[in-house]
Amino acid sequence: MQFVDEASIIVEAGKGGNGCLSFRREKYVPKGGPDGGDGGHGGSVYLIGDDALNTLIDFKYQRFYKAENGQGGMGRQMSGKAGEDLHVKVPVGTTVIDEDTLEVIADVTEIGEVVLVAEGGRRGLGNIHFKSSTNRAPRRTTPGTEGDRRNLRLEMKVMADVGLLGMPNAGKSTLIRSVSAAKPKVANYPFTTLVPNLGVVKLGMHEHFVMADVPGLIEGASDGAGLGLRFLKHLTRTRLLFHVVDIAPFDESDPVDAAKAIVRELGEFSPALSERPRWLVLNKFDLLPEEEREARAQAVIEALDWDGPVFQISAISSEGTEKLVQAAHRWLTDQQRLENEDEEAFEREQEMRRRMEEESVARTEARLTHNRKKRDADDDDDFDDDDYDVDVEYAP
């Protein structure tokens, strides 16, 4: 299945039914009076989180979603049927943005979470509501109102506990293949990963966590270079980052420079995301002689002035990967227990997530605004008859 994490759709709620103008007409009942019923409310459009979906590809082929209109009122004080609501399933982790105002409407983060995105029109009133002591035969009704119509942008972020961060060809895809059942493409050239991949890392009968592999970053990723800006947002859902560094690059580049570039891009995209707990994972140690490994690792650690956890692994041979995932599982378990028991820790985590989401949305808004200005500029450059000072005659 094709991975699509962004989509633009149009949602339109149903129109409310009009009120009815009617008078009672029965034999032997003179001056029956008004009996026009009310119209039905228009249906609303809701988005609902569904864990069975992991892509927005359905919205690539169907972009318009409309709820049912309300039925008009009828005589004998009969109200019209209300329009049926429309429930549209979206993947858990979907952010909903109004494209016209750039307002974030909702963030669907739980299974079954329901979000109202377009409210149905209100019903119209029949003439029975306007009867009074001075107006026994009212001919007044009200029409149903139009339902909301919105241009929405859906942006999905994968839901994972651990995110893999690093340059292209650092071995992130090999690592997730080594520790989970995920099978992303692996090859001996950069940018083999073009979409995020999720893998479930199982450590026991009921012990597991989810790992996310996103496309490798390059210099300028936070400004949209490569695939960076589009996929960096997926890391905002994770709780722990593995910074995967190729300790023996085939092009003989400096691993320290590569690691520093990733840190810069992370901070440029989201300062809050750069504060997330991050572990240094030095990969491809199998390519170094055993006597050189420790010295090479220590040189990188000192050059980065790193004081956090460090793991030396070879993803392709699974050397050191078991120790890495066990440590990650313990950390995630302890963190969850701490947040459950300590209200301040829980509040700090929620504040961190709020900041990351705001910064991610700000990046998205800036990109949408830039694209809109560029599109408007392109439209102004279109050829028309007034672009040249000549007379144009149209043949009949």
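You'll find the structure just up there.
Note on numbering: residues in each chain are counted from 1, in written sequence order. Reporting of local features is limited, given that this is a predicted model, to residues whose pLDDT is at least 70; pairs of side-chain atoms are given and counted only at 80 or more, and all residues count toward the totals for whole chains, interfaces and linings. No hydrogens and no water enter the side-chain calculation; it runs on all heavy atoms of the structure.

A. Quick peek at helix α2 (residues 172-179). Each residue's exposure class comes from its accessible area (1.4 Å probe, protein chains only) as a fraction of the maximum for that residue type: buried when under 20%, exposed when over 50%, partly exposed otherwise. Under the scheme used here, helices are H or I runs from DSSP no shorter than 4 residues and strands are E runs no shorter than 2 residues, and both carry numbers assigned from the N terminus. A large share of α2 lies buried, amounting to 6 of its 8 residues. Of the surrounding secondary structure, the elements contacted by the buried residues of α2 are β9 (162-165), β10 (197-202), β11 (208-213), β12 (240-246) and α7 (321-341). The contact rule is simple, with two residues in contact once any of their heavy atoms fall within 4.5 Å.

B. Local environment of the packing of aromatic side chains. Aromatic rings from Phe, Tyr and Trp, taking only the six-membered ring of Trp, are treated as a pair when their centres fall within 6.5 Å; an angle between ring planes under 30 degrees marks them as stacked, one over 60 as edge-to-face, and anything in between as tilted. Across all of its chains, the model carries 3 aromatic pairs by this definition. Both rings, one in F59 and one in Y65, keep their centres 5.8 Å apart while their planes meet at 55 degrees; by these two values the pair is tilted. With respect to burial, F59 and Y65 carry one shared label: buried.

C. Main features of helix α6 (residues 290-304). Residue count minus one, scaled by 1.5 Å, sets the expected span of a helix. Across its 15 residues, α6 extends 22 Å between first and last C-alpha, which sits within 8% of the 21 Å expected from 1.5 Å per residue. Buried within α6 are the following residues: R293, A297, V300, I301 and L304. Axial view of α6: buried residues confined to an arc of 95 degrees, hence all on one face. Facing away from the buried side of α6 by over 90 degrees, the exposed positions are E291, A295 and E302. Of the residues flanking the end of α6, it is D305, one or two places downstream, whose phi is positive at about 55 degrees. The arc in question is formed by the directions pointing from the helix axis toward the C-beta atoms.

D. Representation of the sheet that holds strand β2 (residues 45-50) within the structure. DSSP calls a pair of strands paired once it identifies at least 2 bridges connecting them. Here 3 strands make up an open sheet; going across it, the order is β4-β2-β7 and the pairing mixed. A single partner strand is all that each edge strand has here, and the edge strands are β4 (86-91) and β7 (114-118). Across the sheet, the mean angle from the axis of one strand to that of its neighbour is 35 degrees, orientation sign disregarded. Pairing between β2 and β7: 4 bridges, direction antiparallel. By the bridge assignment for β7, V45 is matched with A118. Axis lines are fitted through C-alpha atoms, for helices just across the contact stretch, and the angle between N-to-C directions can take any value from 0 to 180 degrees.

E. How the structure looks around the nonpolar core. V11, F59, V117 and L154 are the most contacted members of the largest nonpolar core, which has 27 residues in total. Looking at this core, the elements that each hand over two or more residues are β1 (6-12), β2, β4, β6 (104-108), β7, β8 (149-156) and β11. Excluding residues that lie within four positions of it along the chain, L154 makes contacts with D5, E6, A7, I9, L47, L56, F59, V90, T94, T95 and V96. Counting 23 residues, the second largest nonpolar core, distinct from the first, contains L203, F242, A315 and A327. To form a nonpolar core, buried Ala, Val, Leu, Ile, Met, Phe, Trp, Tyr and Cys residues must be joined to one another through side-chain atoms within 4.5 Å.

F. Inspection of the sheet that holds β8 at higher detail. Ordered by their spatial adjacency, 5 strands build an open sheet running β3-β1-β8-β5-β6, and the pairing between neighbours is mixed. Here the strands that pair on one side only, and so sit at the sheet edges, are β3 (64-66) and β6. When strand polarity is set aside, the average angle formed by the axes of neighbouring strands in this sheet is 25 degrees. With 3 bridges joining them, β1 and β3 adopt parallel strand pairing. Across the sheet, the residue bridging to V11 is Y65, located in β3.

G. Layout of unusual backbone geometry. Although it is not a glycine, L102 sits at a positive phi angle of roughly 60 degrees. Tracing the backbone shows L102 in the loop between β5 (94-98) and β6. By relative accessible area, L102 is classed as buried at 14%. Even without being glycine, K284 reaches a positive phi, approximately 70 degrees. Checked against the element boundaries, K284 lands in the loop between β13 (278-283) and α6.

H. The arrangement of the environment of I128 in detail. One can find I128 in the loop between β7 and β8. Each C-alpha atom of the pair I128 and D35 lies 5.3 Å from the other, and the pair is 93 residues apart in sequence. Those residues in contact with I128, other than ones at most four positions away along the chain, are P34, D35, G36 and Q77.

I. Quick peek at the pattern of salt bridges. What counts as a salt bridge is simple: a side-chain nitrogen of Lys or Arg found within 4 Å of a carboxyl oxygen of Asp or Glu. Scanning the model with the defined rule gives 17 salt bridges in all. Between E12 and R149 there is a salt bridge whose closest N-O contact spans 2.5 Å. Remark: R149 occurs in strand β8 and E12 occurs in strand β1; sequence separation between them is 137 residues. E275 is paired through a salt bridge with R355; the nearest N and O atoms lie 3.2 Å apart. With a gap of 80 residues between them, E275 in the loop between α5 (271-274) and β13 and R355 in helix α8 (residues 343-380) connect regions that are remote in the sequence. Overall, the relative accessible area of 46% leaves E275 in the partly exposed class.

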